[in-house]
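# Observations on the three-dimensional arrangement
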Amino acid sequence: MPEYFHSVRLDAERCKGCVTCIRRCPTEAIRIRGGKARIIESRCIDCGECIRRCPNHAKRAVTDNFIDLKRYKYNIALPAPTLYAQFSPDIGVNKILCGLIKIGFDAVYEVACGAEVVSAAVREYLAQNEYKRPLISSACPAVVKLIQVKFPELIEHLVPIDAPVEVTAKMARTASRSEHNLTDAEIGIWFITPCPAKMTEVRQPLGSDKSAVTGTIAITEIYGSLLKAIGVSSDNEVCSQASIEGLGWAIAGGETGAAAIKRSIVVHEIHSVNEILEQITLGKLSDIDYIEALACAGGCIGGPLTVENRFIAENNMRKRLEKMGSERGKIRLPVDSSKLLAQVKREFEPRSSFRLDEDIVKAMKKIELMQETMHKLPGLDCGSCGSPNCQALAEDIVQGGASETDCVFKLRERVRDLAKEMIDLAEKVPQSMPKYDPERDGGDGI
Amino acid sequence: MNSRQVINLEFQLKSGDFEFAGEASSQIKRIVQQIGVKPEIARRIAICAYEAEMNVIIHSQGGIIRVEILPEQTDLYVEDRGPGIDDVNLAMQEGYSTAPDHIRNMGFGAGMGLPNMARCSDEFTITSEVVVGTKIHMTIRHI
Ligand SMILES: Nc1ncnc2c1ncn2[C@@H]1O[C@H](COP(=O)(O)OP(=O)(O)OP(=O)(O)O)[C@@H](O)[C@H]1O
Ligand code: SF4
Ligand code: SF4
Ligand SMILES: [Mg+2]
């Protein structure tokens, strides 16, 4: 079993074992064991759904810390377009970027610029017309992982082009190496992220060997200091370049909008994405060219590491886009999109974690056992057993990770049977003892 | 018990029951994935099951899908209670469909179901008798 790195972690002290998260997890990757929610690493896709749902804030995302910047001579911030949506549209993008410089970064490259390059590359890729319909966006790492784990048959539908942050990071690295005479080891490139999935992707790239990004810092982590810095910073140091096309990627629909794709479906929120993928595996939607799929409701503005409520953030963003109108900035480091298309070929590997056994005959025996077990379980899917539903408990039982009496109803049945047996036994009197006589002994006879 | 390992499944299909449409094929897909059938083959099995399931729900008066999974192959047996198909060769043609408008509005009726089943299975036989019903047998080999 390969070791997986994950950003989403459990704070065991806070967890009350309330079963909320196990029932919401889209890949059934969580179990309650010993009263605490354990994550099955091979199934976790870092979508952050459990972080959002946990009433006790026991699920957290691990990202890098601001102090990690100290390890590098030259630090570059890559703000996700979602960062801008955390602020009122009256605060110009340039002011936000200058704020980033103020809090300690040496340079800023907008991920929205990389998004524009990706949009152009996707447009070209579609025009080549040599792809499996429908093409599925690979920009959201949680969706890519959902496909690897649960829909491996759809891997060849994924866009084989780098995600915007990766493209931006490569542009930033090349530029600062030559502009400032730096070595790779001296440059720290930090993605200001709305989600834990991006953090995990940087550590464990999906479909490529190594990420050009050094680390990720949560929007929630820098928000406070950035807000202060924006208040006092002048805004003539950097100038923003991204156009509304790139900025639009923060909201669900922005990606297809920027690439001007006609026959497309935009789906967001991980369970809805799951349903659409299910439809594609059944051979449906082959008349659709492109699926923009995002794990978070509303798109990245709904990311678990954002500060602003997603509806407010969406409103902020729409107002900002309107304000910018069609005025297009110039891209400081234009990367030829066809070159990007030719260079990068991401190859995604299946990670199917649902296989019961390496040996097909043994796996079939397990299915048989599972079906027998299912018949005995009450089918209430209550989660009290610590598994997400009865079917999952049956699977955990055949895999040796649980027992039938983990089901509270089965346990009660067993207790009742045992109690009955005890009464039966108590009534059995040894031959040497006088038989119970109510007249003489009184009481109820037990 | 048979010494050969086999998994038998059975799903009743009701005419016009769109609420549970796709349920049988989803379950079949999950099981073949769990036993480790290769993703692209599991997908072909799912497509065959799904198209057959939908045809019974949309075009027939109800029926049944029986599934027999062996280590080396999956067999799908689909049977319905009528009205049968007049001209099977015509029905097998791509694009031929008798689906009414309200069915087309739901995204069905492209006339691709039967051709897809034939394409996705390694063996495909269909027999139909007007009034009595339609029977389809599909074999999908795992290797
Ligand atoms: N089980 C059945 N009973 C009666 N008629 C059927 C049955 N299955 C298919 N047919 C007939 O054969 C035609 C072609 O079937 P096919 O599955 O290829 O296309 P469709 O169901 O019309 O459209 P699609 O499958 O693309 O949604 C149907 O329109 C219907 O007239
Ligand atoms: S939602 Fe999950 S992590 Fe949070 S308290 Fe409940 S069981 Fe624990
Ligand atoms: S939708 Fe955006 S914020 Fe949410 S997981 Fe995907 S990439 Fe991250
Ligand atoms: Mg059909």
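Thresholds applied
Residues numbered from 1 in each chain as written. Chains lettered and ligands numbered in written order. Predicted model: local features only at pLDDT ≥ 70, side-chain atom pairs only at ≥ 80, totals over all residues. Heavy atoms only, no water. Helix = DSSP H or I, 4+ residues; strand = E, 2+ residues; numbered from the N terminus. Buried < 20%, exposed > 50% of the residue type's maximum accessible area, 1.4 Å probe, protein only. Contact = heavy atoms within 4.5 Å. Areas by Shrake-Rupley, 256 points an atom, 1.4 Å probe, with all protein chains shown as cover. Lys, Arg positive; Asp, Glu negative; His and termini not counted. Charge placed at Lys NZ, Arg CZ, Asp CG, Glu CD. pLDDT = per-residue confidence, 0-100. Near = heavy atom within 4 Å. Nonpolar A, V, L, I, M, F, W, Y, C, P; charged D, E, K, R; others polar. Expected span 1.5 Å × (residues − 1). Arc of directions from axis to C-beta. Polar contact = N/O pair within 3.5 Å; in protein donor to acceptor, adjacent residues only side chain to side chain. 1 Å grid on protein atoms, 1.4 Å probe; cavity = no way out; pocket = protein on both sides within 12 Å on 5 of 7 lines; lining within 4 Å. Points joined across faces, edges and corners; volume = space filled by probe spheres on them. Salt bridge = Lys/Arg side-chain N within 4 Å of Asp/Glu carboxyl O.

### Here we look at the overall build of chain A
When you go through chain A residue by residue, the secondary structure sums to 18 helices and eleven strands. Residues counted as buried form 54% of the 446 residues belonging to chain A. Sequence separation of at least 24 residues holds for 78% of the intrachain contacts in chain A that already meet a minimum separation of 6. A total accessible area of about 20700 Å² is found for chain A, and carbon and sulfur atoms account for 51% of it. Here chain A contributes 59 positive and 61 negative side-chain charges, whose respective centroids are spaced 3 Å apart.

### Focus on the confidence of the model for chain B
Across chain B, the average pLDDT comes to 92, with 98% of residues at or above 70. Scoring the predicted complex yields pTM 0.88 and, for the interface, ipTM 0.87.

### Quick word on the site of ligand 2
Surrounding ligand 2, one finds 15 residues, the nearest of these being Cys15, Cys18, Cys21, Cys54 and Asn56 of chain A. Classifying every residue of the shell around ligand 2 gives ten nonpolar, three polar and two charged.

### Quick notes on helix 13 (residues 310-324) of chain A
Residues and elements named next belong to chain A. Counted at 1.5 Å a residue, the expected span for helix 13 with its 15 residues is 21 Å, and the 21 Å between its end C-alpha atoms agrees. Those residues of helix 13 that fall on the buried side of the exposure criterion are Ala313, Glu314, Asn316, Met317, Arg320, Leu321 and Met324. One side of helix 13 carries all its buried residues, which in axial view fall inside an arc of 160°. Those residues of helix 13 that are exposed and aimed more than 90 degrees away from the buried face are Phe311, Glu322 and Lys323. Residues of helix 13 that are buried sit in contact with helix 3 (81-84), helix 4 (93-102) and helix 10 (244-247). Measuring from the side-chain oxygen of the N-cap residue of helix 13 to the backbone nitrogen of Phe311 gives 2.7 Å; that N-cap residue is Asn309. Backbone geometry just after helix 13 places Gly325 at a positive phi near 55°.

### Topic: empty space enclosed by the protein
Residue and element names in this part refer to chain A. Tallied over the full model, the rule gives seven cavities of 30 Å³ or more. Space inside the largest cavity adds up to approximately 330 Å³. In terms of lining residues, the largest cavity is bounded by 28 residues, among which Ala139, Pro194, Lys198, Leu294 and Cys300 are the most central. The biggest single contributor to the lining of the largest cavity is helix 8 (residues 196-203), with three residues. Split into classes, the residues belonging to the lining of the largest cavity amount to 22 nonpolar, two polar and four charged.

### Brief notes about the pattern of salt bridges
Residue and element names in this part refer to chain A. Taken as a whole, this structure holds 31 salt bridges over all chains when the rule is applied. In this structure, the salt-bridge partner of Lys145 is Asp46, at a minimum N-O distance of 3.0 Å. Note that Lys145 is positioned in helix 6 (residues 141-150) and Asp46 in the loop between strand 3 (36-39) and helix 2 (49-53), a separation of 99 residues in sequence. Across the pair, Asp46 and Lys145 agree in class, each one buried. Taking the shortest distance from any N to any O, the salt bridge between Arg346 and Glu201 comes out at 3.1 Å. A residue pair is termed long-range when its members are at least 10 positions apart, and Arg346 in the loop between helix 14 (337-343) and helix 15 (360-376) and Glu201 in helix 8 qualify at 145 residues. Take Arg346: its relative accessible area is 5%, and that puts it in the buried class. A cluster of three or more residues bridged by salt bridges with shared partners is formed by Arg24, Glu49, Arg52 and Arg53.

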